[in-house]
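What follows is each chain in one-letter form.
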Amino acid sequence: MKELFIKRFKYYKDLGDKTFVQLSEEQFFWQYNEESNSIAIIVKHIAGNMLSRWTNFLTEDGEKSWRNRDAEFVNDFKTKQEILDYWEKGWKCLFDALNQINNENINNTIFIRGEKHSIIDAVLRQLAHYPYHVGQLIYIAKMLKNEDWKTLSVAKNQSENFNKEMFSKNENIENSSPVCFANTKEVRDDYKL
């Protein structure tokens, strides 16, 4: 299961990475208005959350006393490189933590803001949270790049061609569903109760 979690998180990190290479330094700091967040601010929040949630996650509450969540929404980055370095620091913390999950502790209870979570629930909680914000990053970047945007998924008006290619490549291959095998209702062993 750990490998599946890592795979899914890496997918969303990769989307962010592919977004960032398309942006100028100035575009990282653009805000639609005072109430909206720049890409820099969203990255600061995502990485800040990762550092708090995943540092010593097996033994400490995921909301660390040293975290200042409100400050995550005030930009103090000066360069694109600072933003990218902080992004990498957050993801490293997450992946290091995920690599600590094993068969002996996967059903353990951990805490976030004093609330009990199974490790699986805590991971799934963040697997909903981080992609939400990665989607925001992509949306802002697409607005900024407009016709210069290089799509990260199926290109506009290319669904039929994409589907044909995928079906031809993936005949008789396990699907990417974490629960079932391709073309069957058989549940994978690690999801059986």
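Residues numbered from 1 in each chain as written. Predicted model: local features only at pLDDT ≥ 70, side-chain atom pairs only at ≥ 80, totals over all residues. Heavy atoms only, no water.

Student: Break down the overall build of the chain for me, citing the residues and quoting the values.
Tutor: Counting secondary structure elements, the chain contains six helices and two strands. Reading the chain from its N terminus to its C terminus gives the helix and strand order α-α-α-α-β-β-α-α. A separation threshold of at least 6 residues defines the contact pool for the chain, and within that pool the share at least 24 residues apart is 68%. Entry remark: accessible area of the chain is about 12,000 Å², with carbon and sulfur atoms responsible for 50%. (Helix = DSSP H or I, 4+ residues; strand = E, 2+ residues; numbered from the N terminus. Contact = heavy atoms within 4.5 Å. Areas by Shrake-Rupley, 256 points an atom, 1.4 Å probe, with all protein chains shown as cover.)

Student: Can you tell me about helix 5 (residues 119-145), naming the residues and giving the values?
Tutor: Helical geometry note: an α-helix holds 3.6 residues per turn, so side chains three or four residues apart project in the same direction. Look at helix 5: 39 Å from first C-alpha to last across 27 residues, which is about the 39 Å you get at 1.5 Å a residue. At the exit of helix 5 stands Asn146, carrying a positive phi of roughly 50 degrees. (Expected span 1.5 Å × (residues − 1).)

Student: Explain helix 4 (residues 80-98) residue by residue, including any values.
Tutor: Along its 19 residues, helix 4 runs 27 Å from first to last C-alpha, staying within 8% of the 27 Å computed at 1.5 Å per residue. Looking only at helix 4, the buried set comprises Lys80, Ile83, Trp87, Gly90, Trp91, Cys93, Leu94, Phe95, Ala97 and Leu98. Looking at the packing, one finds that the buried side of helix 4 touches helix 1 (2-20), helix 2 (25-28), helix 3 (39-54) and helix 5. (Buried < 20%, exposed > 50% of the residue type's maximum accessible area, 1.4 Å probe, protein only.)

Student: How would you sum up empty space enclosed by the protein? Please name residues and give values.
Tutor: Per the counting criterion, the structure on display carries one cavity of 30 Å³ or more. As a volume, the largest cavity reaches approximately 50 Å³. Breaking the lining of the largest cavity down by element, the ones donating at least two residues are helix 3, strand 1 (109-112) and helix 5. Ranked by the residues each element gives to the lining of the largest cavity, the list is headed by strand 1, at three residues. (1 Å grid on protein atoms, 1.4 Å probe; cavity = no way out; pocket = protein on both sides within 12 Å on 5 of 7 lines; lining within 4 Å. Points joined across faces, edges and corners; volume = space filled by probe spheres on them.)

Student: Tell me what's going on with the packing of helix 1 against helix 5, and back it up with residues and numbers.
Tutor: Remark: helix 1 packs on helix 5, axes separated minimally by 10 Å, with the N-to-C direction vectors making an angle of 15 degrees. The orientation of helix 1 with respect to helix 5, classified from their angle, is roughly parallel. Between helix 1 and helix 5 the crossing geometry is left-handed. Residues Phe5, Arg8, Phe9, Tyr12, Leu15, Gly16, Thr19 and Phe20 of helix 1 form the contact with helix 5, whose own contacting residues are Ile120, Val123, Leu124, Gln126, Leu127, Tyr130, Pro131, Val134, Leu137, Ile138 and Ala141. (Axes fitted to C-alpha atoms, helices over the stretch in contact; angles between N-to-C directions. Parallel < 35°, antiparallel > 145°, perpendicular 65-115°, else oblique. Left-handed = near helix turned anticlockwise from the far one by under 90°.)

Student: For the packing of aromatic side chains, give the residues involved together with the corresponding values.
Tutor: Inspection of every chain in the model, using the stated rule, returns 10 aromatic pairs. Each ring, one from Phe9 and one from Tyr130, has its centre 6.0 Å from the other, and the planes form 55 degrees; the classification is tilted. Of this pair, Phe9 sits in helix 1 while Tyr130 sits in helix 5; the two residues are 121 residues apart in sequence, bridging distant segments of the chain. The ring centre of Phe95 lies 5.8 Å from the NZ or CZ of Lys10, which sits over that ring. (Phe/Tyr/Trp six-rings, centres within 6.5 Å; stacked < 30°, edge-to-face > 60°. Lys NZ or Arg CZ within 6 Å of the ring centre and 35° of its normal.)

Student: Tell me what's going on with a nonpolar patch on the surface, and back it up with residues and numbers.
Tutor: Among the surface-exposed residues, Trp30, Tyr32, Tyr139 and Met143 lie close enough to one another that they form a single nonpolar patch of about 490 Å² accessible area. For Tyr139, the location among the structural elements is in helix 5. With relative accessibility at 55%, the residue Tyr139 sits in the exposed group. (Patch = residues over 30% accessible without salt bridge, like charges linked within 9 Å, V, L, I, M, F, W, Y side chains within 5 Å. Salt bridge = Lys/Arg side-chain N within 4 Å of Asp/Glu carboxyl O.)

Student: Tell me about the pattern of salt bridges, and please be specific about residues and values.
Tutor: Under the definition given, this model contains 10 salt bridges. Close ionic contact of Arg67 with Glu72 constitutes a salt bridge, the shortest N to O distance being 2.7 Å. Each member of the pair, Arg67 as well as Glu72, is classed as buried.

Student: Just give me the short version of the nonpolar core, but keep the residues and values in it.
Tutor: Counting 40 residues, the largest nonpolar core has Phe9, Ile39 and Trp54 as the members making the most contacts within it. With 10 residues, the top contributor of residues to this core is helix 5. What Trp54 contacts, discounting residues up to four positions off in sequence, is Cys93, Leu94, Ala97, Ala122, Val123, Gln126 and Tyr130. (Core = buried A, V, L, I, M, F, W, Y, C linked by side-chain atoms within 4.5 Å.)

Student: Which residues make up unusual backbone geometry, and what values go with them?
Tutor: Excluding glycine, a negative phi dihedral is what most residues carry, and trans is how most peptide bonds are arranged. One non-glycine residue with positive phi stands out, namely Asn146, at about 50 degrees. Tracing the sequence through the fold places Asn146 in the loop between helix 5 and helix 6 (159-169). Classification of Asn146 as exposed rests on a relative accessible area of 53%. With phi around 65 degrees, Asn157 is a residue other than glycine that occupies positive phi space. Mapping Asn157 onto the fold places it in the loop between helix 5 and helix 6. Note on Asn157: relative accessible area 71%, which makes it exposed.

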